[in-house]
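# Remarks on the overall topology
What follows is each chain in one-letter form.
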Amino acid sequence: MTNLDSLGTVHSTDVLIVGGGAAGLSAAITAKETSPELDVLVVDKATASRGWAGKSARTAGLLSFVTEQDDPEAFVRYCLENIGFYLNDQLLLREFAFSSRPITERISSWGVEILRREGGVIDYAKWPFPWGTASINPDMCTRMAAYARELGVRIIDKVVIADLMKYENRISGAVGFNIVNGTYHIFEAATVILANGSQNYDMTLRWCGTGNGVAAAYWAGAEMRNAEFGNMCDFSRVDPRGWVITAGAHTAHDYLYAKGENISQKYRPGLHSSMDPIAVLAWYRETLAGNGPIEAHLDAFAAESGKFFKFHPEALERQSRILKKSAPLDSQRFEVIPGFIGELSCVKVDHQMRTTVPGLFAVGDVSGSGSARAGAVPAPPAKIHGTGLLNAFFMGMKGGPAAAIHARALKTYSIQGKADYDQVAALKEKVYAPMNLKDGISPRDVIHKVQDAIAPADRGVIKSEERMKKALDEITKIRRESDAMKAKDFHDLAKCLDAQSMPLCAEMFFRSSLIRTESRGFHYREDYPEMDNKNWLKWIIVKDEGGNMMVSTEDIPMHRYPYKPDRLA
Amino acid sequence: MAHSIRIDFDACTGCRECVDSCFVDVIRWDEDKDAPFGAYPEDCQVCCVCEKVCPVQAIEIIPDWKSKYIPEPVSEKERCGP
Ligand SMILES: Cc1cc2nc3c(=O)[nH]c(=O)nc-3n(C[C@H](O)[C@H](O)[C@H](O)COP(=O)(O)OP(=O)(O)OC[C@H]3O[C@@H](n4cnc5c(N)ncnc54)[C@H](O)[C@@H]3O)c2cc1C
Ligand code: SF4
Ligand code: SF4
C-alpha cells in the first residue's frame, strides 16, 4: 500500500469539527462531555485555540432569549406569523424556544460572561415582542476555547479545510492546507461536523463567511434547503466625500427618509425587530421615483429602539474604536445605500443536525436556514438581533452529542474514518491547482464579479424573473472562469476556495429564488409580490446530481405541526 | 491604495497577540525581522481587535475607505431616474 504520509501530515480523530466559532466550540465541548473517551479535533483557518476565530469573535455580544416574562409558546407563534411565515420546522422551533434559558446557564458554566443584575439574575432589554436581549462579553470564544482545551479537545489553527473525503457513500474525513506555510493536511475521521459559517460574499465588513462549508457539503452530495432566503440586507453609510462605509448599521431600516418623509413608516408601518426586504423596497422604490438621496436619521433611532439594546462594556469599547475609524459622523443624518450581507446558510440538517450524507453533521451559520428552524429567513440573526449566537449555541449543543454518539457507534463496529490514497492524491492536485497555473484570473476579480451579480438591491433582494435570469447567466460564466484561477501564495489559495464557493452559493440562491413564484419573509419578488399558502408551503431543495444543480420541492409536514396558517385552517 | 496597518516597532514587544487575534489572516509574523507586519491589508475588516489586544498600543489601523470594492447599488441604473 502506498504511504499516505508521503502526501501530507495525517491526523486521525473520532469527531472532526471544521470551524471553531461559537457553534464549533459548543459542539466540541458537548461532544467531549458526552463521550470523554473520544478524540475531538477542531480545525480552523484562524486562531480558534485562543477564541479569535470567526464572526463569533467579532459580535456585538447581544444574546436574545425567551425570558421568564415571556411564554415560549407565544414566541413560537410570533416567529411563525411574523418572521418565518410557516416555513419553519415547528418541532425544532419549539425546542429552541424552550431551551433558550437553559442555554444561557450552560454557557455561563463554560465561563462566558453575561451581564447580570444584583442577585445573579440575567439583565436584559425587553422588547415588545416575546423575547429579551441580554449582553455578553464578546470575548466569549476565548473562554469557550480555554474550557474546551481543559476538557481535552484538540484545536489546530491556521488550516483551511478545502474538501471532504468520502468512503463509499459516507464521509471519512477532510483535507486542507496550512494558510501560512502551505503544508497539506489529511484528517481521517469517523464523523465530521461542519461549523464553518455562512456565505456573506465579502460585501459587508466583518461579515466574513465565505461559504466554504456550504460548498463542501454540496460537493459531497448533501441536500440544501431554503437557499432562496440567503439575502440579509442592511444599509451602508455614504460619507459626504463619497466613501461607502459597509459596516452594517442594523439600525437605519426603521428610520429612512426621502425628501423629509419617513418612508420606513410608509412601506413598513410600526416598530420592527430588525431589517427585512421591505425596508430595501422602500429605498428602491423611492430612488426609482426620483426621491433620492435616501437618508437615515439616527437621531430618531436613538430616541426609540435604542432602548432595546444594552451592550457589555467590552462591546461598547470595540464599537467606539470602529466608529472613530469610520470617519466621524458630522451629523446623525446621512445618505444610505443598500448594504448586502448575504448569510446564505442552506445546508439541510435534521433535528440531530445530521445532513443527508452519512457521517456529516452541520451546525451554526452553515446550516442556519437549512435546519428550517427559523423559516423564511437567512442565517440567524435575521429578524431577531442576538439569535445568531443563540442559534450557534443551540445547534452546537445538539450536533455535538449526536455526532459523538454516532462516532461511538461506529467505533463499536470498528468502522473508522479511513483515507484512500488515490482520493487524497486527487484532492491534493485539485486543491493546489491554482498554485501551479502560470497565469489565470485572480480570485479577487472573481469575487468582484460575483458581487456585481448578486449585491445590487434589484438582484439580491428585490427580485424578478428577468433580472434573476440575467444574474444566473453572469454567474454561470463566472463559474467557468473560476476554473482557471491563479493563486500567488497560500493566503491567495484560500481566497481561490472562497471564489469557488461564492458563485456556487449565488447559483443556489438564484435557482431556488426563480422557482418560488411568491413573496415570503426575506424572499421578495416584484413579479409575485403576494404570499401564496396554497402552492408554496413547501421547501425548495437543491442538490448536485452528476455535476448538475437539481432543484426540487419538499412538502412541509403541516399535519404533524400544531400551528397552521389561517388560510389553511 | 489599501488600508494601512501601522506598527510602532520601537514600542512593540513581539508578543504576537495581534497576529493571533486577526480573524482574516491580515497580520503575519516576519521571521527575518522577528516582528509582526500587515501582510494582506486589503483584507482588513477594520474590527480593531488587534489594536485592542496589543498590550502597548503599538499597532494602529488606518482605513482607506475608497479601496473597498463596492458594486452598483442597483443593477439597472437607467431605471433610477435623475
Ligand atoms: C459584526 C457582527 C456582529 C454580530 N453581532 C451579533 C450579536 O451581537 N449577537 C448575535 O447573536 N449575533 C451576532 N452576529 C452574528 C453571529 O456572529 C453569528 O451568527 C455566529 O457567530 C455564528 O457562529 P458560527 O460558529 O456558526 O460561525 P463563525 O463564528 O463564523 O465561525 C465559523 C468558523 O469557521 C472557520 N472557517 C471557515 N471556513 C473554513 C475552512 N474552509 N476551513 C477551516 N475553517 C474555516 C472560520 O475561521 C470561523 O472561525 C454578528 C455578526 C457580525 C459579523
Ligand atoms: S482590524 Fe481586525 S481585520 Fe484588520 S488587521 Fe486588525 S484584527 Fe485583522
Ligand atoms: S500585539 Fe502589539 S506588542 Fe504584540 S506583537 Fe503585535 S504590535 Fe507588537
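Residues numbered from 1 in each chain as written. Chains lettered and ligands numbered in written order. Predicted model: local features only at pLDDT ≥ 70, side-chain atom pairs only at ≥ 80, totals over all residues. Heavy atoms only, no water.

## With respect to the interface of chain B and chain A
The interface is formed by 39 residues belonging to chain B together with 49 residues belonging to chain A. Buried area between chain B and chain A, both sides added, is near 4,100 Å², and the carbon and sulfur share of it is 55%. At the boundary of chain B and chain A, one finds 11 salt bridges. Close ionic contact of Asp-43 of chain B with Arg-444 of chain A constitutes a salt bridge, the shortest N to O distance being 2.8 Å. Counting every contact that joins chain B to chain A gives 24 residue pairs in polar contact (both at pLDDT 80 or more). Counting only elements with at least two residues in the side of chain B that touches chain A, the list comes to helix H1 (17-21), helix H2 (49-53) and strand S4 (59-62) of chain B. (Contact = heavy atoms within 4.5 Å. Buried area = accessible area lost by both parts, 1.4 Å probe. Salt bridge = Lys/Arg side-chain N within 4 Å of Asp/Glu carboxyl O. Polar contact = N/O pair within 3.5 Å; in protein donor to acceptor, adjacent residues only side chain to side chain. Helix = DSSP H or I, 4+ residues; strand = E, 2+ residues; numbered from the N terminus.)

## A short note on the domain arrangement of chain A
Residues and elements named next belong to chain A. The domains assigned to chain A are domain 1 (4-229 + 345-421) and domain 2 (232-342). Averaged C-alpha coordinates put domain 1 and domain 2 at centres separated by 30 Å. Tallying the contact residues gives 33 residues for domain 1 and 28 residues for domain 2. For the pair domain 1 and domain 2, the two sides together bury roughly 2,700 Å², of which 61% comes from carbon and sulfur. Among the residues domain 1 hides against domain 2, the three largest losses belong to Trp-127, Lys-383 and His-385. Together they make up 22% of the total. For the pair domain 1 and domain 2, the interface holds two salt bridges. Residues Asp-276 and Lys-383 are paired through a salt bridge, measuring 3.0 Å at the closest nitrogen-oxygen approach. On the surface where domain 1 and domain 2 come into contact, there are 13 residue pairs in polar contact (both at pLDDT 80 or more). (Domains from an automatic or database assignment.)

## A look at unusual backbone geometry
Of note, the bond from Gly-292 of chain A into Pro-293 of chain A is cis; its omega dihedral lies within 30 degrees of zero at -5°. Here Pro-293 of chain A shows up in the loop between helix H7 (277-288) and strand S15 (295-297). Phi is positive for Arg-206 of chain A, close to 75°, though the residue is something other than glycine. Mapped onto the elements, Arg-206 of chain A comes out in the loop between strand S9 (184-194) and helix H5 (212-219). The backbone of Cys-48 of chain B shows a phi angle near 65°, a positive value even though the residue is not glycine. The residue Cys-48 of chain B is located in the loop between strand S3 (35-38) and H2 in this model. In this structure Cys-48 of chain B comes out as buried when scored by relative accessible area, which is 2%. (Buried < 20%, exposed > 50% of the residue type's maximum accessible area, 1.4 Å probe, protein only.)

## Quick notes on the packing of helix H2 (residues 72-84) of chain A against helix H3 (residues 90-109) of chain A
Residue and element names in this part refer to chain A. Direction vectors running N to C along H2 and H3 enclose 135°, while the axes themselves pass 9 Å from each other. Judged by the inter-axis angle, H2 sits oblique to H3. The handedness of the crossing between H2 and H3 comes out as right-handed. Contact residues: H2 offers Pro-72, Glu-73, Phe-75, Val-76, Cys-79 and Leu-80, while H3 offers Gln-90, Leu-93, Arg-94, Phe-96, Ala-97 and Phe-98. For the contact of H2 with H3, a count of residues per class yields nine nonpolar, one polar and two charged. (Axes fitted to C-alpha atoms, helices over the stretch in contact; angles between N-to-C directions. Parallel < 35°, antiparallel > 145°, perpendicular 65-115°, else oblique. Left-handed = near helix turned anticlockwise from the far one by under 90°. Nonpolar A, V, L, I, M, F, W, Y, C, P; charged D, E, K, R; others polar.)

## Some remarks on the nonpolar core
Residue and element names in this part refer to chain A. With 188 residues, the main nonpolar core has Tyr-201, Met-224, Phe-393 and Met-508 as its most contacted residues. Here this core gets 12 residues from one element, more than from any other, and that element is helix H15 (residues 490-515). Both domain 1 (4-229 + 345-421) and domain 2 (232-342) contribute no fewer than three residues apiece to this core. Setting aside chain neighbours within four positions, we find Met-224 in contact with Val-214, Ala-217, Tyr-218, Cys-346, Val-347, Lys-348, Met-508, Ile-540, Ile-541 and Val-542. (Core = buried A, V, L, I, M, F, W, Y, C linked by side-chain atoms within 4.5 Å.)

## Thoughts on the site of ligand 2
Taken together, 13 residues lie around ligand 2, and Cys-22, Cys-44, Cys-47, Cys-48 and Cys-50 of chain B are the ones closest in. In this structure, ligand 2 sits where chains A and B come together, each supplying nearby residues. (Near = heavy atom within 4 Å.)

## Section: the site of ligand 3
In the vicinity of ligand 3, the contacting residues are Cys-12, Thr-13, Gly-14, Cys-15, Arg-16, Glu-17, Cys-18, Pro-36, Cys-54, Pro-55, Val-56 and Ala-58 of chain B. For the shell around ligand 3, the residue count by class is eight nonpolar, two polar and two charged.

## Focus: the pairing of S9 of chain A
Residues and elements named next belong to chain A. The buried fraction of S9 amounts to 11 of the 11 residues, a majority that puts the element mostly inside the structure. Pairing of strand S1 (residues 9-18) with S9 involves nine bridges; the strand directions are parallel. Across the sheet, residue Val-10 finds its bridge partner in S9, namely Ile-186. Pairing between strand S8 (residues 170-178) and S9: five bridges, direction antiparallel. Across the sheet, residue Ala-174 finds its bridge partner in S9, namely Phe-187. Linkage of S8 to S9, two consecutive antiparallel strands, is achieved through a turn of five residues, within which Gly-182 is found at a positive phi near 80°. (Pairing = 2+ DSSP bridges.)

## Quick look at the environment of Val-175 of chain A
Residue and element names in this part refer to chain A. Topologically, Val-175 is positioned in strand S8. Judged by relative accessible area, Val-175 falls into the buried class, the value being 0%. Sequence separation between Val-175 and Arg-101 is 74 residues, and the spatial gap between their C-alpha atoms is 38 Å. With sequence-adjacent residues up to four places away left out, Val-175 is seen in contact with Val-160, Ile-161, Ala-162, Asp-163, Met-165, Tyr-184, His-185, Ile-186, Leu-427 and Val-431.

## A few points about the side chain of Ser-369 of chain A
All names here are of chain A. As for its placement among the helices and strands, Ser-369 is situated in the loop between strand S17 (360-362) and helix H10 (387-412). When its relative accessible area of 4% is taken as the criterion, Ser-369 is described as buried. If sequence neighbours within four positions are ignored, Ser-369 has contacts with Arg-225, Asn-226, Ser-345, Cys-346, Val-377, Pro-378 and Ala-379.

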